[in-house]
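# Architecture and fold: a report
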Amino acid sequence: MRGNRFGYYIREGIGSIFTHGFMSFASVCIIVACLLIMGSFTLLALNVDSVIDTMESQNAILAFVNEDFSEEQARAIQPALEALDNVETVYFVNKDTAWDSYVDTYENPSFFEGLDSSFIRHRFVIYIKDIALMAETRDAVCNVAGIADVNAQLEISRGFVTLRNIVTFVSLIIVAILFAISLFIMSNTVKLTTYERKDEIAIMKMVGATSAFIRWPFVVQGLILGLMGSLTSYLLEWGIYQVVTTKVVSSSGLNFLTTIPFSVVAIPILVAFLVVGLGVGIVGSLVAIKNYLKV
Amino acid sequence: MVQFIDVFKAYENGTKALKGISFEIADGEFAFLVGPSGSGKTTIIKLLTGEIAPTDGKVIVNDYDLGSLKFSKMPYMRRTIGVVFQDFRLIENKTVYENVAFAMRVTGASNKEIRRRVPYVLELVGLDNRTRRKPQELSGGEQQRVAIARALVNNPRLIIADEPTGNLDPARSLEIMLLLQKINELGNTVLVVTHEKELVNSFSKRVIAIDAGRIISDGMDGYYNYER
Ligand SMILES: Nc1ncnc2c1ncn2[C@@H]1O[C@H](COP(=O)(O)OP(=O)(O)O)[C@@H](O)[C@H]1O
Ligand SMILES: [Mg+2]
């Protein structure tokens, strides 16, 4: 590509943006709106995921050993538990340790006077890999010889897994719909330019312009609009995320939730926004110009 | 060089515009293509520029067989012909100079080549004092000269003009025809479509006459002799 041609594509592309100022503005706004909604759902999904991760690391299954097992007998079960699918780590807690920590959680020690550790069981604390499979893992732990009872907080894990599934599903649908809408608007903006310049395009073909030469200025137009949309929505998303996460962390009801700092996702989100924005711009203009290049 | 070999053209709606046309125009020749309105003249021009394809037969332009020419090669064929229309087809918001330079730019010419060539063709058509004007500031005859300059700027072997004087008064028409004759004398093949009898008869050139999609006469006598 010669220098003067490259300059021509850029000049023409930018020129069309200004001659169709309103439509250009509208298509950038639509891209910004779409990217903001897409981005917000993605960030929500990421945060739900991270909350689930935290819960996975905190949420353990408690497996109680048969009453009549000695400590050695109980410890012998550990390899069988570690061998189960979805089990991350297994810790053994003997009666005495469990008793001490149990007593510690109560404020009035006199309540436990005369009692000792012999009345509770040896137990294992089992951390799992995937919280979604908690029920299956609980059943598998139950079936291990020597395990008498299992305690797992299924409701909380189920709730979060369901939430994650819903958020993922809704995000995907919304992203798909918004992507289609932005493509449509972008392609119409460029189509307006191509329509207004159809005589010029016909003249270009008549004097021997290649399809690529005719196409480039429109692609540049779409590309610049897409880029403006990406960058604007990125900055807005950043600001909105900061405000919302600060509110969540400082609110009394939700402060048990941890949020992902924006800096962690800044680069991936920027890349995703650029890919979507530029993709919409380029594909939209290619669609718009397609019909004019047939002859 | 132009070659039509037994060319038929039927449009999608069934109109049979050409019914077996054969003729040849050698390099350096000047020919008129005449015939009443609706006889198929513009259809022949559109076949020459590759805008439409023949239903049957062969069209060869400057060594390109248009029947087997790949779509991606069509622009390169078009650079070997210059086309002039009755309605000028200039870009309104570009100056005379830009309209002509534009046709060179789309072929990938460098700025240096453009700056050298454009003033030369504008002088050739007699518009060297109008270069900064916009098309609507010019008379019809001047606008057609811009179109001729644009057709010439890429130095094509063949110039095709479809009723170039249709919108002009007789004096301007004659000037345009004389200009096309001068271009022919500089070495270009020229094919002019017209139905202006007096104009054709005032030149002593080859006249191909068609009616209802068929050639009815083709002679060097320079006489436009069809009657309706
Ligand atoms: N795009 C088209 N679709 C259908 N019929 C057409 C089309 N263009 C031209 N025709 C018909 O083909 C015939 C020849 O037309 P044309 O080549 O334009 O004639 P001329 O230029 O000699 O006036 C006419 O009957 C015209 O109505
Ligand atoms: Mg015609």
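Quick caveat: nothing in here was measured; it's all calculated off a predicted structure.

### Details of the interface of chain A and chain B
Buried accessible area, meaning the area lost when the parts come together, often serves as the stated size of an interface. Counting residues at the interface gives 19 residues for chain A and 24 residues for chain B. Both sides of the chain A and chain B interface together cover about 1,800 Å² of buried area, and 62% of this is carbon and sulfur. Counting across the chain A and chain B interface gives one residue pair in polar contact (both at pLDDT 80 or more). Counting only elements with at least two residues in the side of chain A that touches chain B, the list comes to helix H1 (3-19), helix H8 (198-206) and helix H9 (211-250) of chain A. Per-element accounting of the side of chain A that touches chain B gives the leading share, five residues, to H8 of chain A. Classifying every residue of the side of chain A that touches chain B by side-chain character gives nine nonpolar, four polar and six charged.

### So, the site of ligand 1
Residue and element names in this part refer to chain B. Close to ligand 1 lie Tyr 11, Asn 13, Thr 15, Ala 17, Pro 36, Ser 37, Gly 38, Ser 39, Gly 40, Lys 41, Thr 42 and Thr 43. Contact distances for ligand 1 include 2.7 Å between an oxygen atom and a backbone N or O atom of Gly 38. Contacts to ligand 1 include Ser 39, whose backbone N or O atom sits 3.3 Å from an oxygen atom. In isolation ligand 1 exposes 560 Å². Once the protein is present, 64% of that is buried. Sort the elements by how many residues they give to the shell around ligand 1 and helix H1 (residues 41-48) lands first, with three residues. Counted by class, the shell around ligand 1 contains three nonpolar, eight polar and one charged residues.

### Considering the domain arrangement of chain A
In terms of domains, chain A is made up of domain 1 (2-55 + 159-293) and domain 2 (60-152). When each unit is reduced to the centre of its C-alpha atoms, the spacing between domain 1 of chain A and domain 2 of chain A is 52 Å.

### Topic: the pattern of salt bridges
This model, assessed by the stated rule, comprises 14 salt bridges over all chains. Here Arg 206 of chain B ties to Glu 29 of chain B by a salt bridge, and the two come within 3.0 Å at their closest N and O atoms. With Arg 206 of chain B in strand E9 (residues 206-211) and Glu 29 of chain B in the loop between strand E2 (16-25) and strand E3 (30-34), the pair connects residues that are 177 residues apart, well separated along the chain. Like Glu 29 of chain B, Arg 206 of chain B is buried. Between Arg 130 of chain B and Glu 142 of chain B there is a salt bridge, with its nearest N and O atoms 3.0 Å apart. One end of the pair, Arg 130 of chain B, is in the loop between helix H4 (111-124) and helix H5 (140-153); the other, Glu 142 of chain B, is in helix H5, and twelve residues separate them in sequence. The class for Arg 130 of chain B is partly exposed, based on a relative accessible area of 21%. Using a relative accessible area of 18% as the deciding quantity, one classes Glu 142 of chain B as buried. Taken together, the shared-partner salt bridges in this structure form one network comprising Glu 12, Arg 197 and Glu 200 of chain A.

### Thoughts on the sheet that holds strand E8 (residues 189-194) of chain B
Residue and element names in this part refer to chain B. Within the open sheet, the six strands sit side by side as E6-E7-E8-E3-E9-E10. Their pairing is mixed. The sheet terminates laterally at strand E6 (81-85) and strand E10 (214-219), the two strands that pair on one side only. Strand-to-strand twist in this sheet, taken as the mean axis angle between neighbours without regard to direction, amounts to 15 degrees. Bridging between E6 and strand E7 (residues 158-162) involves five bridges; their strand directions are parallel. Residue pairing in the sheet places Ile 81 in a bridge with Leu 158 of E7. Along the sheet face, H1 touches E3, E6, E7, E8 and E9 and points at about 150 degrees away from the line of E8. Contacts from helix H6 (residues 170-185) reach E3, E7 and E8 within the one sheet, and its direction differs from that of E8 by about 155 degrees.

### Some thoughts on the nonpolar core
Residues and elements named next belong to chain B. Residues Phe 32, Val 118, Ile 148 and Leu 180 are the most contacted members of the largest nonpolar core, which totals 85 residues. Those residues in contact with Val 118, other than ones at most four positions away along the chain, are Tyr 97, Val 100, Ala 101, Met 104 and Val 153. Formed by 27 residues, the second largest nonpolar core is a distinct cluster that contains Ile 21, Ala 31, Ile 81 and Ile 208.

What counts, and at which threshold
Residues numbered from 1 in each chain as written. Chains lettered and ligands numbered in written order. Predicted model: local features only at pLDDT ≥ 70, side-chain atom pairs only at ≥ 80, totals over all residues. Heavy atoms only, no water. Contact = heavy atoms within 4.5 Å. Buried area = accessible area lost by both parts, 1.4 Å probe. Polar contact = N/O pair within 3.5 Å; in protein donor to acceptor, adjacent residues only side chain to side chain. Helix = DSSP H or I, 4+ residues; strand = E, 2+ residues; numbered from the N terminus. Nonpolar A, V, L, I, M, F, W, Y, C, P; charged D, E, K, R; others polar. Near = heavy atom within 4 Å. Areas by Shrake-Rupley, 256 points an atom, 1.4 Å probe, with all protein chains shown as cover. Domains from an automatic or database assignment. Salt bridge = Lys/Arg side-chain N within 4 Å of Asp/Glu carboxyl O. Buried < 20%, exposed > 50% of the residue type's maximum accessible area, 1.4 Å probe, protein only. Pairing = 2+ DSSP bridges. Axes fitted to C-alpha atoms, helices over the stretch in contact; angles between N-to-C directions. Core = buried A, V, L, I, M, F, W, Y, C linked by side-chain atoms within 4.5 Å.

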